[in-house]
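So the chains spell out like this:
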Amino acid sequence: MVAPIAESSNGLLCFTNCLLPQEDGSLVEKDLWIDEHRGVILDAQRTFYLRKQRPHRVVDLGGNILSPGFIDIQINGGFGFDFSVYEGDQQYRDGLKRVAEKIVETGVTAIVPTIITQEKSLYAKILRLLRPWSPPNAAHLLGWHVEGPFLHMTKRGAHSPPLIIPASEGYKTFEDIYQLENLTDTEDWLMRDDAGQETVGARIITAAPEIEGVMEAIPEVSKRGICFNIGHSICSTDTATAAIQNGARCITHLFNAMPQLHHRDPSIIGLLGSSPYVAAELANLPRFTSKTKSKTESCTPMKAGFPGPYASEAFDDIRTPPQTPKRREYHSLGRSNLSGVISSPSTMPTTPSESVCSGQSERMPFSPFERPFYELIVDGVHSHPNSVRLAYSAHPEGCILITDAMKILDPHLKDGTYEWRDGRRFYKDGDRLYLEGTTTLAGSVVTMDKCVRNFSRFTGCSLGEAIKCATLNPAKCLGIEDKKGSLRAGAHADLVVLDRHGEVLSTWVMGKMVWERN
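What this report covers is the structure whose coordinates are included nearby. (Residues numbered from 1 in each chain as written. Predicted model: local features only at pLDDT ≥ 70, side-chain atom pairs only at ≥ 80, totals over all residues. Heavy atoms only, no water.)

## Details of the pattern of salt bridges
By the definition in use, this model includes 18 salt bridges. The salt bridge partner of aspartate 176 is lysine 120, with a shortest N-O separation of 3.0 Å. Highlighted residues: aspartate 176 in helix α4 (residues 171-178) and lysine 120 in helix α3 (residues 120-127), separated in sequence by 56 residues. With a relative accessible area of 37%, aspartate 176 lands in the partly exposed category. Residue classification places lysine 120 among the partly exposed residues on the basis of a relative accessible area of 41%. Linking aspartate 415 and lysine 428 is a salt bridge whose minimum nitrogen-to-oxygen distance equals 2.9 Å. Taken together, the residues aspartate 415 in the loop between β21 (399-402) and β22 (416-419) and lysine 428 in strand β23 (residues 425-429) connect sequence positions 13 residues apart. (Salt bridge = Lys/Arg side-chain N within 4 Å of Asp/Glu carboxyl O. Helix = DSSP H or I, 4+ residues; strand = E, 2+ residues; numbered from the N terminus. Buried < 20%, exposed > 50% of the residue type's maximum accessible area, 1.4 Å probe, protein only.)

## Observations regarding the nonpolar core
Judged by nonpolar contacts, the single largest core of 88 residues is most densely connected at Leu401 and Phe455. With sequence-adjacent residues up to four places away left out, phenylalanine 455 is seen in contact with Leu376, Val378, Val388, Tyr392, Cys399, Leu401, Gly460, Cys461, Ala466 and Cys469. (Core = buried A, V, L, I, M, F, W, Y, C linked by side-chain atoms within 4.5 Å. Contact = heavy atoms within 4.5 Å.)

## Re a nonpolar patch on the surface
A surface patch of nonpolar side chains, about 340 Å² in accessible area, is lined by Phe48, Tyr49 and Leu50. Residue position: leucine 50 is located in helix α1 (residues 44-50). Given the relative accessible area of 59%, leucine 50 is considered exposed. (Patch = residues over 30% accessible without salt bridge, like charges linked within 9 Å, V, L, I, M, F, W, Y side chains within 5 Å. Areas by Shrake-Rupley, 256 points an atom, 1.4 Å probe, with all protein chains shown as cover.)

## Quick word on empty space enclosed by the protein
Sizing a probe to match a water molecule and rolling it over the atoms shows the empty space that remains. Throughout the structure, instances matching the rule amount to 1 cavity of 30 Å³ or more. In this structure, the largest cavity spans a volume of roughly 60 Å³. For the largest cavity, the full set of lining residues is Pro68, Gly69, Ile71, Thr109, Lys483, Lys484, Gly485, Ser486, His492 and Asp494. Looking at the lining of the largest cavity residue by residue, the classes come out as 2 nonpolar, 5 polar and 3 charged. (1 Å grid on protein atoms, 1.4 Å probe; cavity = no way out; pocket = protein on both sides within 12 Å on 5 of 7 lines; lining within 4 Å. Points joined across faces, edges and corners; volume = space filled by probe spheres on them. Nonpolar A, V, L, I, M, F, W, Y, C, P; charged D, E, K, R; others polar.)

## With respect to helix α9 (residues 448-459)
Here α9 spans 16 Å end to end across 12 residues, near enough to the 16 Å set by a 1.5 Å rise per residue. Judged by how many residues are buried, α9 sits mostly within the fold: 9 of 12 residues are covered. Along α9, the positions that sit buried rather than exposed are Met448, Asp449, Cys451, Val452, Asn454, Phe455, Ser456, Phe458 and Thr459. At the C-terminal side of α9, glycine 460 shows a positive phi close to 80°. (Expected span 1.5 Å × (residues − 1).)

## Remarks on the sheet that holds β23
The strand order across the open sheet formed by 3 strands is β22-β23-β24, and the pairing between neighbours is antiparallel. Looking at which strands have only one partner, the edges of the open sheet turn out to be β22 and β24 (432-435). Taking each pair of neighbouring strands and ignoring which way they run, the sheet shows an average axis angle of 30°. Two strands pair when backbone bridges link them, and β22 and β23 are joined in this way by 4 bridges, in the antiparallel orientation. (Pairing = 2+ DSSP bridges. Axes fitted to C-alpha atoms, helices over the stretch in contact; angles between N-to-C directions.)

As structure tokens, then:
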């Protein structure tokens, strides 16, 4: 219900009788004021008490949820358009506009178009068209996310093998592939209010840190305000940890295109369980004894090969986890001559605790370790519900929901076979999407609003906590939470109205309603 309460429009709109998601995941009954003219969220108290202004319109939401608009940072296309296919500038722009206009039906108000590994000549053509853009009455296009070509061959997924390459010259190879003009030297482009077509669109780069030259390039990528994602990789826990220390910020579609969790080398997935204090490699751990040790105890380290008190049948299996390279192989890469780059966390201390050996006390320094964000495709296909819950329980603050949706994303599309690219075709079966004639998953067709509902059901978390994983968390990962993904004063009034079950009722972009359920 909308009720005007003033004669002349001052552009102020008040949403009332609604639940607002808070940044801690709770839902609070509270009004929200926005400025329709500027398209921003207002501090209601300051506007009313200091500016002495009342809203021109009041929108009664009937007790429903008013959330920040969803942000999808990994989406390959939708509504018949594939972000990785270039057939001319105008056709590409038209395709972008179509996706941005239609995706608001799913509650999404901002996307990061994602392209998979391409021929080198296509990067120059596509990336210049993927600069930030806000078509009228449509979702914002925030820039680009590139997966590849610096991926591990065994975890390439649907990426073309002949196009996968190493970064032989480190960051210089990144510049050569993506083109220097599509990258940036500073972070001042990040969500500027005056961002236009001349603004660089580099947002996210996914690569495998164990590939030649990639670890060396991570600090350069990170300092330019670009989010480096670990993905399509078989790297060990040590290598993944070193990548985070060098500036990597997120994990691309957790559980998919990476080694399975193994108890002695949990690989990339193991980052979710990392201590704030970087774990040292077992072989290099100093020997500690308790301050209250018995007089008969010794500080002498055990000899190599001595079974010790830990010997049991639990250790009687293969030394190298499945799909993980042998220790000698990945350490030879990590310890190559990378000046100023952390190649392995093995020399880092464990905790800032004191220890005693031979009667002497010494305080160990420590290096705080910040766990990365991680993406989850919550369609019930790419990851089992139990896996989703396990990840969220380990690191709730880092969880980001993505769709990884393909060109046939459309909530109204029926099951069947559809054209993809290069003569290949998809087979859609509900939320499952396979390469025709195979059991290979080829992205998804799940919508973001369904991901939110699934996530709440799979994990048992509240709807407010699930909403946070599709709004605030992706915004934080990109460093844009003051403008997107939050209800902070001054943020863009990109909003979605949900019923108590998480179904989308209406979507608003920059303070204007762009879609409403009939």
